[in-house]
Amino acid sequence: MTVLSVQGLTKSFGALKVSDAISFDLRAGEIHAIIGPNGAGKTTLIHQLSGSIRPDAGRILMEGRDITRLPVPARARRGLARSFQITAILPGFSVLENVALAVQARSGSSFRFFRRAAAERALNEQARASLGAVGLAGIAGRAAGTLSHGEKRQLEIAIALAMRPRLLLLDEPLAGTGQHEAARIGRLIASLKGQLGIVLIEHDMAAVFALADRISVLVHGRLIATGSPTEIRQNSQVRAAYLGESEC
Amino acid sequence: MSARDAVMLALVALLAALPPVLQLLGEPFLTVIVTRALIFAIAALSLDLLLGYGALVSFGHAAFLGIGAYTALILSGRGVTGLELQLPAALAAAGLFALVTGAISLRTRGVHFIMITLAFGQMAYYFASSLSAFGGDDGQALRARSTLFGADVLAGNSGFYYLVLALLALVWLFLRALTRSRFGRVLSGTRENEARMQAIGFSPFPFRLIAYVVAGMIAAMAGVLLANHASFVAPSYMGWGRSGEMIAMVVLGGMGTLTGPVLGAIAFVLAEETLARFTTHWRLFFGAAIVLIVLFTRGGLLGALLRGRK
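Residues numbered from 1 in each chain as written. Chains lettered and ligands numbered in written order. Predicted model: local features only at pLDDT ≥ 70, side-chain atom pairs only at ≥ 80, totals over all residues. Heavy atoms only, no water.

Undergrad: Break down the overall build of chain A for me, with residues and values.
TA: Regarding its fold elements, chain A presents nine helices and 10 strands. What you see for chain A is a C-alpha radius of gyration of 18 Å, in line with the 18 Å of a compact globule of 248 residues. C-alpha atoms of chain A, sized along the principal axes, occupy 60 × 40 × 35 Å. Burial statistics for chain A: of 248 residues in total, 54% are counted as buried. Within chain A, contacts between residues separated by at least 24 positions form 65% of all contacts whose residues are at least 6 apart in sequence. On chain A, roughly 10,500 Å² of surface is accessible, and the fraction owed to carbon and sulfur atoms is 50%. (Helix = DSSP H or I, 4+ residues; strand = E, 2+ residues; numbered from the N terminus. Rg over C-alpha atoms; globule rule 2.2 N^0.38 Å. Buried < 20%, exposed > 50% of the residue type's maximum accessible area, 1.4 Å probe, protein only. Contact = heavy atoms within 4.5 Å. Areas by Shrake-Rupley, 256 points an atom, 1.4 Å probe, with all protein chains shown as cover.)

Rendered as structure tokens:
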């Protein structure tokens, strides 16, 4: 089954075409990596998929339904979760509350005005389960703003998992993390394989080739190739355009 | 019970004991001044919901104070003096005004939101100035103080004082529950990181609008009390300077804490009264004091108090 189908997505900023008729399909349970040099338009693509930037042309289908014109919160409620290139958490909230809020978003109305939210056991239990999955259960009570960079990345993934998404967009989840943390997050992403569809943007080529089922190469807003990691590694066009520049 | 709650409890206990003590000290007039401070504490509490929990810097909050005050003036002029009618009328008028102006101003953020709330506030001010039947620019004296189910509870200074204190405690409890509810958690979340809240599925707008309406209604309640306190209502109740003073009260006491703005409002009004006795240039010293407190006490007066305790 196709979780995400991108069809002819096009976006220009002035004269600059940042997305040029991008098309690809993501099957359920697969990790689809998008790689490409800096400025290729990867983050702009993620923004269009998540809904914070509207494309000029083309369509985005999620589980067969057109979501091209849906705003960000509506897409999230349909099961689309994302991490941010620059981590976006609620720094003044506890780690647990960051995740509990994501559970709250999909469990009943939030227009409840008197009962204390922090005392809702169902929310907290599910939040703890997500934190356990990413290995942050031990620091659930800390203020999220005091976490290390890598821990914040893990927290973002815990928040995303708490949404029980069917589609997850990861925008450079390994960027800026130490070797140890990167390995841990890599294992975490690998453990999600088969459970939901993941679009992964990442600069760490070793991680990409280890994790991805399929890889698309984005250069100057165009997808120049899509295929399995082996196919991409052997593609001469890709080597010339991109992989040749870095030494992968 | 959190430290903030303990401070509030101690404060309310202290305030409840105040009128007999002031009577003994031969300073009963001070009760009247403290009443004024408590009325502003209610208004500051309502603004804290926007400022401290929603990160919405409204520079037109005094308009709601004015709507409440004018509702009391207009109704009492027509012989409707019961608070049981005046308060619902004031809340309804303020809620409606908040709904319309909030729906427009909450489309904007940051400086634009400040400017547009300021503009709505000034519109309310000039509208009140043009009400010639109600004194226009000069304002008008209240024909009679409000009553409660026919009883003259506001006639005596201490009866009025205790009514205001009770309302203050109720508003504090109400907002404490509200800010800790699911709704309040979403509102605080939008203060922390709007993009994150959208990404997990929340549209901030309806949450902000509800907060704006609730805050406006509570401020209008303070306005009804303020009209009774002065027995007089004028457009100056809703000038932008008054909105600025309320922001100062909230920041001075400690934003987003509820207890802090109560402290801030009391400190503000008492300092204003005290300094004004010593010098006509009191605003100069007062301004300097506020700058120093905000600069050197993180979390305002409440923050300083809680740190000092440890």
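Undergrad: Just give me the short version of the side chain of Thr101(B), but keep the residues and values in it.
TA: Within the secondary structure layout, Thr101(B) lies in helix H4 (residues 83-105). Within polar-contact distance, the side chain of Thr101(B) engages the backbone oxygen of Phe97(B) at 2.8 Å. (Polar contact = N/O pair within 3.5 Å; in protein donor to acceptor, adjacent residues only side chain to side chain.)

Undergrad: Summarise the pairing of strand S10 (residues 222-227) of chain A; cite the residues concerned and give the values.
TA: All names here are of chain A. Where strand S9 (residues 214-219) lies against S10, five bridges are found, and the strand directions are antiparallel. Note on S10: the bridge partner recorded for Val 217 is Ala 225. Between S9 and S10, which pair antiparallel in sequence order, lie two residues; one of them, His 220, sits at a positive phi of approximately 50°. (Pairing = 2+ DSSP bridges.)

Undergrad: How would you summarise helix H10 (residues 240-253) of chain B if you had to cite specific residues and measurements?
TA: Residue and element names in this part refer to chain B. Between its terminal C-alpha atoms H10 stretches 20 Å, which fits the 20 Å expected from 14 residues at 1.5 Å a residue. Of all 14 residues making up H10, 10 are buried, and the element is well covered by its neighbours. Considered for burial, the residues of H10 that qualify are Arg 242, Ser 243, Glu 245, Met 246, Ile 247, Ala 248, Met 249, Val 250, Leu 252 and Gly 253. Count one or two residues on from H10 and you reach Gly 254, which has phi positive near 125°. (Expected span 1.5 Å × (residues − 1).)

Undergrad: Tell me about the interface of chain B and chain A, and please be specific about residues and values.
TA: At the junction of the two partners, chain B supplies 26 residues and chain A supplies 36 residues. Across the interface of chain B and chain A, roughly 2,700 Å² is buried in total on both sides, 63% from carbon and sulfur atoms. Our count for the contact surface shared by chain B and chain A stands at three salt bridges. Between Arg185(B) and Glu97(A) there is a salt bridge; the shortest N-O distance is 3.3 Å. Seen at the junction of chain B and chain A, the total is 16 residue pairs in polar contact (both at pLDDT 80 or more). When residues of the side of chain B that touches chain A are traced back to their parent elements, those giving at least two are helix H6 (157-180), helix H7 (182-192), helix H8 (194-199) and helix H9 (204-230) of chain B. (Buried area = accessible area lost by both parts, 1.4 Å probe. Salt bridge = Lys/Arg side-chain N within 4 Å of Asp/Glu carboxyl O.)

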